Amino acid sequence: MEDELSKIIKAGLELGAEFVDARIFMDRNTLVAKNNIEEKVRENCFSGSSIRVLFKGTWGYGTTQSTDMKSLMTATKKAVKFAKANNKNNFGLAPMKPIKDRVENKVKINPHDVSVEEKVSAVEEIFNNAGEDEKIKTISVSYFDSDNKMYFSNSEGSYIEQNIISSRAALSVNARSGNKITESYDASGGAMGFESVKYFDEAAIKKIVDYAKLQLNAAKCPKGNITAVVDGSVAGLLAHESLGHPSEADFVMNGRSFLSGLIGKRLADRSVSIIDDATVNGSGKYFYDDEGVRGQKTFIIKNGILNSYLHSRETSSKFGVESTGNGRTQGIGRKIFVRMSNTYFDKGDYKFDEMFEGIKHGIYVIKNLCGMEDPAGGSFYASCLMGFLIERGEITKPIRGEVVLTGKVLEILKNITAVGDDVVLNPGSCGKGPEDWVSAGTGGPHLRIEKIMVGGK
Amino acid sequence: MIDAKKIVAMAENLGAESSDVIISKTNTFGSFIERNIVTNVLSGVSEGYGIRVISNRRIGFVSGNDFSKSAVEKAIKTAISISKRGKKVPRGFEFSSSNKKTDVKKTFDKKISEAGEEDVVSFSNDFIKNMGDANIPLARIRFMKTEYNISNSSGADISDKGTFLVLYANTLKKSGEKMIEYEILEKTRMLDMMNLDRICSEARMHIKKSMNTKAVKTQKIPVIFSPKVLTELLITTFGEALCSKSVLLKNSPFSDKINKKIASEKFSLTDDGTLDAGLSTFGVDHEGVRTKKTVLINKGILKNFLYDAIDAARAGKKSTGNGRRGSWIYDDLFYLEPSAQASNLVVAPGTLGIDEIIKDTRKGLFVDKVSWPRGSAYSGMFSLELRTAYMIENGELTKPVRWGSVIGSIYDAIDEIEIGKEVESRAPYPTGFIESVVTPHIKFEQLDVVSKNRLRCNGS
């Protein structure tokens, strides 16, 4: 691909572009899914190319679903034409040394070495093991793997081939009693191979089933200002939605982040650190971002102090810093934005049992379902699977989901009074506004948050 | 290039018992606005095929975008191979043999389909101008044309197309330390239906009114939800619970409630895939079945569920023309198998205007926007964090409020409602939804509002 891409780059420059980068994506993925009424096996295979040019500080993008030279040339001409048709802006790019590299992640069991029959059998086994309880009425199991290749080149002399294999396995169940229907789920995955299904052993399945059953007779969620201990899954959502999004430097640059002007300020206790890390094997793993910048570990909050925003080459140029390797795109025909990779709270010192000590009346909240950022307003919204009451330092009665946590981010951060020593990383995805989805991991240890706003569904 | 009919013939030659093929192509011209200037212009095309084959009465599905003969052949062989492990199709299932489609109106606009980069930039600049002195940190605009062709071994070979214009924008204004943001999400089928003047005036009005937002207080009061809130709330609750998958899996609380009362007499809900200019209107669904109008709830009585072809066979019913694929920007129709999803969910309007409903409310809450307006299909429960809302006092909108949530169950709250008469056609917020909703404002008589601030008296 190197020759093809270098011809494209040369053509873009000859058409007047000041800078050109081009990427060819190839993705092959397999899905196996089973529920009580159907079983699906699906395979998808796609490729395409995206060319980006900078002309007088304005971007133009051209895309094609082909990888042949004729289509690539047409897309390049379009990109230059679009950039020229537009307003005159003043974008620049942070300097970067040319990189030549070929990288791929290592996985335990390469999905290519596993037959469709084996994948189906693994899904059926999880389904059957979850289905032994009479209160469980619906079971859905899915397994997805993806082999994603990116060939990248730019007019500064970089050429990178990157291959990321990832997978995700998920189990969700519904229990039913009369008209009451409850749900529970768990998922495993990231930059890993077929081994993601191994997560669902007997104990993991039992836990998921138990959570659905427990909710059938659970109390309603208390409402109001309550001390909460949240598990690593909910902590991950907090890291991602409340701090990750507003630390995206394009939000800061565009005047849409409540973190604007707060670098170097204390936002939380020194036990609190939040990290964005493309190097760990979560869903957001990559060696190079979509601008060819090395993926890295960035402390957004370090020991309670706001340490860094997340940057693409464009925003780092504006801020006069180096890119943090967070320039990412959903794929063909999509803009490159500042995006998170794997975002999580760093581990602290508290053992699990210690998290609950001294809480007279509180709530233990588990498993995130979804959340929403508010980078301008600084609020936080998280919907969670379920919870348990905490009474006199002990976990007691189950609470029916969904449990909803809301509040002002800066208040919530200040109210984190204990950070556990047990970091987990969950698979997920992230949108920028209503679209432009990229895979992103979230996680953290258990956190104790004083006086967070709790509402229930 | 190989067309869908040829792929069906190839599948039969390669040993498939039967097959259906969708080829879809979506062209997009788009722009990004950042800090009130157009910073990016993009063009994209998303084209591919989705092949469903049935072999030994089992289904396999493959999709791809390499149209070379060898790649398509390989894809068909893969589909046949993986169908050996697929679930058996229900007895009585056949692909649609009809080549008829419903005559639908205002779903294709030449002005959108033939737009070039100058048109997109010009529209973007019009939007910037209409927003006046408000800041636009980020906006994206899409001019889209979607075409698809479905062919199957029952003899159907049918095509459809549509256009869409999408405007998504974060707009905000700073005043001292205060920063008020208002999010715009508008989608139309025709260029002339995108009324920038109305959209921008409304955004500017909300920004201006929200400058002195206070924290809402904990209380139980009447709450009016705007169509922006109701769109996704209705899709994720009634929309999902009345689709065949939920019903067959018995995940729907309405599975056994046909002809029973499930809502106020004032509430009627129809799925109308044929609606003029509907955001989900096509003449034929994504597996070749004519679209139609299906009454779901009539004056509070549950009448029907929505079916795709396979689920219909499972339930001994006929498809309602709701075998739908893809997401709201229709660039991935070929990527997924069809499943029953609502098209345009239409709430029958009431007789009172929204101004009259507000006037009739002594004390209440008017909610224009929440962070994520989703509810549970299982229980109807929701907990919606306020983003743009106003108290109603003595029949008038008064102070702007947020920092709290509205909590309840729409399945319970729908028993006591007042429905406005002015409808809006809206698409939901996140990708993943292909449905749309046409609804007026709805007032729910009693909902919990929860906040850090408790009322000094009568607080719950």
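Residues numbered from 1 in each chain as written. Chains lettered and ligands numbered in written order. Predicted model: local features only at pLDDT ≥ 70, side-chain atom pairs only at ≥ 80, totals over all residues. Heavy atoms only, no water.

Engineer: Before we go on, may I ask you to explain the overall build of chain A in this structure?
Structural biologist: Assigned secondary structure in chain A consists of eight helices and 24 strands. Against the compact-globule benchmark of 23 Å for 457 residues, chain A has a radius of gyration of 23 Å, which places it among compact chains. Seen along its three principal axes, the alpha-carbon backbone of chain A occupies a region of about 70 × 55 × 35 Å. A total of 457 residues make up chain A; the buried ones form 65% of that total. Once local pairs closer than 6 in sequence are excluded, the contacts in chain A between residues at least 24 apart make up 73%. (Helix = DSSP H or I, 4+ residues; strand = E, 2+ residues; numbered from the N terminus. Rg over C-alpha atoms; globule rule 2.2 N^0.38 Å. Buried < 20%, exposed > 50% of the residue type's maximum accessible area, 1.4 Å probe, protein only. Contact = heavy atoms within 4.5 Å.)

Engineer: For this particular structure, what's the right way to read the domain arrangement of chain A?
Structural biologist: Quoted interface sizes are often the accessible area lost when the parts come together. Residue and element names in this part refer to chain A. Taken domain by domain, chain A comprises domain 1 (2-216) and domain 2 (224-456). In this structure, domain 1 and domain 2 have C-alpha centres spaced 22 Å apart. Across the boundary between the two partners, domain 1 contributes 45 residues, which contact 40 residues of domain 2. Taken together, the two surfaces of domain 1 and domain 2 that pack against each other cover about 3,300 Å², and 61% of this comes from carbon and sulfur. (Domains from an automatic or database assignment. Buried area = accessible area lost by both parts, 1.4 Å probe.)

Engineer: Honestly, the pattern of salt bridges in this entry has me stumped. Any pointers?
Structural biologist: Any two side chains of opposite charge can pair if their charged atoms end up close together. This structure, assessed with the given rule, holds 54 salt bridges over all chains. For the salt bridge of K149 of chain A with D147 of chain A, the shortest nitrogen-to-oxygen distance reads 3.4 Å. By relative accessible area, which is 8% here, D147 of chain A ends up buried. Ionic pairing is found between R387 of chain B and D374 of chain A, a salt bridge with its closest N-O pair at 3.9 Å. Here the residue R387 of chain B occupies a position in strand β16 (residues 381-393), and D374 of chain A occupies one in the loop between β15 (361-372) and β16 (379-391), the pair thus bridging two chains. Since its relative accessible area comes to 5%, D374 of chain A is described here as buried. When salt bridges with common partners are traced through the structure, they connect E186, R198, E202, K228, D368, E424 and R426 of chain B into a single cluster. (Salt bridge = Lys/Arg side-chain N within 4 Å of Asp/Glu carboxyl O.)

Engineer: Hey, could you run me through the packing of aromatic side chains in this one?
Structural biologist: For the coordinates displayed, the defined rule picks out 24 aromatic pairs over all chains. A ring pair is formed by F337 of chain A and F32 of chain B, whose centres lie 5.4 Å apart and whose planes are at 75°; its orientation type is edge-to-face. Taken together, the residues span two chains, with F337 of chain A in strand β13 (residues 337-338) and F32 of chain B in strand β1 (residues 18-34). F32 of chain B shares its class with F337 of chain A; the two are buried. On the basis of an interplanar angle of 70° and a centroid distance of 5.1 Å, the ring pair of F352 of chain A and F356 of chain A is categorised as edge-to-face. When its relative accessible area of 31% is taken as the criterion, F352 of chain A is described as partly exposed. Under the relative-accessibility criterion, F356 of chain A is labelled buried at 3%. Taken together through their ring pairs, the aromatic side chains of Y211, F352, F356, Y364 and F388 of chain A make up a single cluster. For the cation-ring pair, K302 of chain A lies above F299 of chain A, with the distance from its terminal atom to the ring centre recorded as 4.9 Å. (Phe/Tyr/Trp six-rings, centres within 6.5 Å; stacked < 30°, edge-to-face > 60°. Lys NZ or Arg CZ within 6 Å of the ring centre and 35° of its normal.)

Engineer: In this structure, what is going on with the domain arrangement of chain B? I would like to understand it.
Structural biologist: All names here are of chain B. When its domains are assigned, chain B resolves into domain 1 (4-212) and domain 2 (214-454). Distance from the C-alpha centre of domain 1 to the C-alpha centre of domain 2: 22 Å. Each partner contributes to the interface: domain 1 provides 53 residues, whereas domain 2 provides 46 residues. Taking both partners together, domain 1 and domain 2 bury about 4,300 Å²; carbon and sulfur atoms supply 59% of that area. Of all residues in domain 1, T102, L185 and K187 give up the largest surface area on contact with domain 2, accounting jointly for 14% of the area buried on that side. Taken together, the connections running from domain 1 to domain 2 amount to four salt bridges. In this structure, R426 engages E186 in a salt bridge whose closest nitrogen and oxygen atoms are separated by 3.1 Å. For the pair domain 1 and domain 2, the number of links is 19 residue pairs in polar contact (both at pLDDT 80 or more). Those elements that provide at least two residues to the side of domain 1 that touches domain 2 are β1, β2 (37-55), β3 (58-64), β4 (135-152), β5 (157-175), β6 (178-188) and α5 (196-209). Here the side of domain 1 that touches domain 2 gets seven residues from one element, more than from any other, and that element is β5. (Polar contact = N/O pair within 3.5 Å; in protein donor to acceptor, adjacent residues only side chain to side chain.)

Engineer: Looking at this structure, I do not really get the side chain of H206 of chain B. What am I missing?
Structural biologist: Mapped onto the elements, H206 of chain B comes out in helix α5. Beyond its immediate sequence surroundings of up to four residues, H206 of chain B is in contact with Y182, K228, D368, T388 and Y390 of chain B.

Engineer: Just checking my understanding: could you explain the pairing of strand β8 (residues 217-225) of chain B for this structure?
Structural biologist: The side chains of a regular strand alternate between the sheet's two faces. Residue and element names in this part refer to chain B. With respect to burial, β8 is a largely interior element, seven of its nine residues being buried. Pairing analysis gives six bridges linking β8 to strand β22 (residues 442-451), with the strands arranged antiparallel. Bridge assignment links I224 to a residue of β22, and that residue is K443. As defined by bridge partners, β8 adjoins strand β15 (residues 363-370) across three bridges and the pair is classed as parallel. Each bridged residue has a counterpart across the sheet, and for I224 the counterpart in β15 is F366. (Pairing = 2+ DSSP bridges.)

Engineer: What am I meant to see in the interface of chain B and chain A here?
Structural biologist: Residue-level contacts link 80 residues of chain B with 83 residues of chain A. Between chain B and chain A, a total of about 7,400 Å² is buried, with carbon and sulfur atoms accounting for 51% of that surface. With 11 residues, the top contributor of residues to the side of chain B that touches chain A is β2 of chain B. Of the residues assigned to the side of chain B that touches chain A, the class counts are 33 nonpolar, 24 polar and 23 charged. One ladder, built from four bridges, connects strand β2 (residues 39-55) of chain A with β3 of chain B; its direction is parallel. Across the sheet, N44 of chain A pairs through a bridge with S63 of chain B, a residue of β3 of chain B. (Nonpolar A, V, L, I, M, F, W, Y, C, P; charged D, E, K, R; others polar.)

Engineer: Mind showing me how you'd approach the nonpolar core here?
Structural biologist: Nonpolar side chains in soluble globular proteins generally cluster together in the buried interior. Residues and elements named next belong to chain B. Core analysis: the biggest nonpolar cluster contains 52 residues, and F225, F238, F267, L365, V367, V406 and F444 have the highest contact counts within it. With seven residues, the top contributor of residues to this core is helix α6 (residues 227-241). Residues in contact with V406, not counting those within four places in the same chain, are V223, F225, L365, V367, F382, S383, L384, L386, L447, D448 and V449. (Core = buried A, V, L, I, M, F, W, Y, C linked by side-chain atoms within 4.5 Å.)

Engineer: What's the story with the pairing of β2 of chain B in this structure? I'm lost.
Structural biologist: Within β2 of chain B, 17 of the 19 residues are buried, which leaves it mostly tucked inside the rest of the structure. With three bridges connecting them, strand β3 (residues 58-64) of chain A and β2 of chain B associate as parallel partners. Looking across to β2 of chain B, one finds that W59 of chain A is bridged to N40 of chain B. Judged from the 17 bridges that link them, β1 of chain B and β2 of chain B form a sheet pairing that is antiparallel. Within β2 of chain B, the residue paired with V21 of chain B across the bridge is I51 of chain B. Linking two consecutive strands that pair antiparallel, namely β1 of chain B and β2 of chain B, is a turn of two residues; a positive phi of about 50° is found at R35 of chain B within it. Judged from the seven bridges that link them, β2 of chain B and β3 of chain B form a sheet pairing that is antiparallel. By the bridge assignment, G50 of chain B is partnered in β3 of chain B with S63 of chain B.

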